[in-house]
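Here is how the chains run, residue by residue.
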Amino acid sequence: METLLMKESPLLLPLNKQKTVYDGFITVQDRDFRVRISLPPDLQLKRAKLHCCWQLKRLLKAYQPILKQRLQRSSDLGSFILELKTVLEVALKNRPDHVTIPPPQYYSQLIAELESLGWDKLLFIDTEFCTLRLKGVDSSGHEHVLTVKLKPKYPFEAPEYTADLPVPFSVTWTLQSTLAHIHKRFLAELEGLAEFWSVLDEIDVQTWVLEPEKPSRADTMRRIAIGNNVSIKVEIDPRHPRMLPDCCLLGAEHGGNPDCGVLQNLKDVLEIEFPSPATHEKSSLSTECGICYSFRLESAIPDQVCNDPRCGQPFHQACLYEWLRGLPTSRQSFNTVFGECPYCSKPITVKTAVHKQ
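Just so you know, these numbers come straight off a predicted model, no measurement behind them.

The rules behind these values
- Residues numbered from 1 in each chain as written.
- Predicted model: local features only at pLDDT ≥ 70, side-chain atom pairs only at ≥ 80, totals over all residues.
- Heavy atoms only, no water.
- Helix = DSSP H or I, 4+ residues; strand = E, 2+ residues; numbered from the N terminus.
- Buried < 20%, exposed > 50% of the residue type's maximum accessible area, 1.4 Å probe, protein only.
- Contact = heavy atoms within 4.5 Å.
- Areas by Shrake-Rupley, 256 points an atom, 1.4 Å probe, with all protein chains shown as cover.
- Pairing = 2+ DSSP bridges.
- Axes fitted to C-alpha atoms, helices over the stretch in contact; angles between N-to-C directions.
- Core = buried A, V, L, I, M, F, W, Y, C linked by side-chain atoms within 4.5 Å.
- pLDDT = per-residue confidence, 0-100.
- Phe/Tyr/Trp six-rings, centres within 6.5 Å; stacked < 30°, edge-to-face > 60°.
- Lys NZ or Arg CZ within 6 Å of the ring centre and 35° of its normal.

K.L.:
Let's hear about the overall build of the protein: which residues, and what values?
P.N.:
Helix and strand content of the protein: nine helices and 17 strands. The burial tally for the protein puts 34% of its 357 residues in the buried class. For the protein, the proportion of contacts with a sequence separation of at least 24, taken over those separated by at least 6, is 39%. Put simply, the protein shows about 22500 Å² of open surface, and 53% of that area lies on carbon and sulfur atoms.

Here it is, written out as structure tokens:
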């Protein structure tokens, strides 16, 4: 075994008389990698252990099952070394060219920042010290996870973040920023969403929620059972959870009482009486837009209403969209514009998906 080993790998030598430990270097593509192989006292190769430098361990991380298989099948140590070199050549060929190893200062600063943050906040860190999961607890005692992916040039390059939140999480990054700053910002975001989660918790406890079956803290939708084969889907606005949500009635084609008409079934499901020409004047139901002061704008009627019960002013969607878009204090997230009611200055939103130019 020693002769074959020396012939195929002249830099891998036994360290003891029993020849149970071999140490040295393997050269692949003009690169030297430090390795050590430990054999059991009976020299059974199947129970050998491979120890290597951190660079080699990183390269072979995805090839561990293959290496174990080759170790089981190799007839002697020399054969396994040849197999190891073959696998290593493949790993070097397939590695990303842009992989950058962080400098030593990266690791020392990371450890210092974790100590400052508190080790109890750290849920996970990968073997490359690049991906961390930090714990945050909201005012209701619910635990949330923030995943932070550090880049090799950290802190000169901003990390990437993902979190179980219903809104995107971001941090204004500077060279003075640390993990503690990120975690503090995360806790502030949790507190800002406390009312949103309180609204959803109330729905989850007091109704039969059909979907999602196991809601996460990032879910904003609930499908609630309201009758036999009838449900309502509500979409809660994370920033304005007390506002009337977007609602959609759902039901099977055969739902309701087949002996009754559509109007009666709607009355039964909603448990209301609709205003009719016999009971109400149309003028009492047709309120003009608070921006253009007309009821109809082309074919549209005012269908956006301020959620504050003391205001309740309606607006055309197009009018409200143009109004909010012109205010410097308004902001847009995806297809929704957030701003203030033109009448009472309370929070109001408008969707832009169906806005017509």
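K.L.:
Help me get a handle on the sheet that holds strand β6 (residues 131-137), residues and values and all.
P.N.:
Read across the sheet, four strands follow the order β5-β6-β7-β8 without closing on themselves; strand pairing throughout is antiparallel. In this open sheet, the two strands that pair with only one neighbour each are β5 (122-125) and β8 (160-163). Across this sheet, the average inter-strand angle for adjacent strands is 20°, counted without regard to direction. Two elements, β5 and β6, share three bridges in a ladder whose sense is antiparallel. Its bridge partner lying in β6, Ile-125 is registered against Leu-132. In this fold helix α6 (residues 179-192) packs onto β6, β7 (143-149) and β8, with an angle of close to 40° to the strand it touches most, β6.

K.L.:
A description of the nonpolar core should follow, citing residues and the corresponding values.
P.N.:
If you look at the biggest cluster of nonpolar residues, it comprises 31 residues, and the most contacted ones within it are Val-148, Leu-150, Tyr-161, Phe-169, Leu-179 and Ile-182. The set of elements that each furnish at least two residues to this core consists of α5 (104-117), β6, β7, α6 and α7 (194-206). It is α7 that contributes the most residues to this core, five residues altogether. With residues up to four places along the chain from it excluded, the contact list for Ile-182 reads Leu-146, Val-148, Pro-159, Tyr-161, Phe-169, Val-171 and Trp-173. Residues Tyr-22, Leu-77, Phe-80 and Leu-92 belong to the second largest nonpolar core, which totals 25 residues.

K.L.:
How would you sum up the pairing of strand β2 (residues 21-28)? Please name residues and give values.
P.N.:
When you tally the buried positions in β2, you get six out of eight residues, the bulk of the element. Bridge analysis of strand β1 (residues 12-14) against β2 gives three bridges, and the strand direction is antiparallel. Within the sheet, the bridge partner assigned to Leu-12 lies in β2 and is Gly-24. One ladder, built from eight bridges, connects β2 with strand β3 (residues 31-38); its direction is antiparallel. The residue bridging Gly-24 from the neighbouring strand is Val-35, located in β3. In textbook terms, the turn of a hairpin is the stretch between consecutive antiparallel strands, and for β2 and β3 this stretch comprises two residues, one of which, Gln-29, has a positive phi near 50°.

K.L.:
So what's going on with the confidence of the model for the protein? Residues and values would help.
P.N.:
The predicted model of the protein averages 84 in pLDDT, with 90% of residues at 70 or higher. For residues 1-10, every residue scores under 50 in pLDDT, and the model assigns this stretch 19 contacts once sequence neighbours within four places are set aside. Confidence over residues 353-357 falls short of pLDDT 50; this stretch has five contacts with residues more than four positions distant or in other chains.

K.L.:
Mind laying out the packing of aromatic side chains, listing which residues take part and the relevant values?
P.N.:
The way to describe two aromatic rings as a pair is by their centre distance and the angle between their planes. Summed over all chains, the structure comprises eight aromatic pairs. Relative to Phe-169, the ring of Tyr-161 has its centre 5.7 Å away and its plane inclined at 90°; by these criteria the two rings are edge-to-face. Phe-169 sits in the buried class, given a relative accessible area of 10%. Aromatic pair Phe-196 and Trp-197: ring centres 6.3 Å apart, planes at 55°, arrangement tilted. Judged by its relative accessible area of 0%, Phe-196 falls in the buried class. These aromatic residues form a ring-pair network of at least three members: Tyr-106, Tyr-107, Phe-129, Tyr-154 and Trp-173. The ring of Phe-124 is capped by Arg-133, whose NZ or CZ atom sits 4.4 Å from the centre of that ring. The ring centre of Phe-338 lies 4.3 Å from the NZ or CZ of Arg-331, which sits over that ring.

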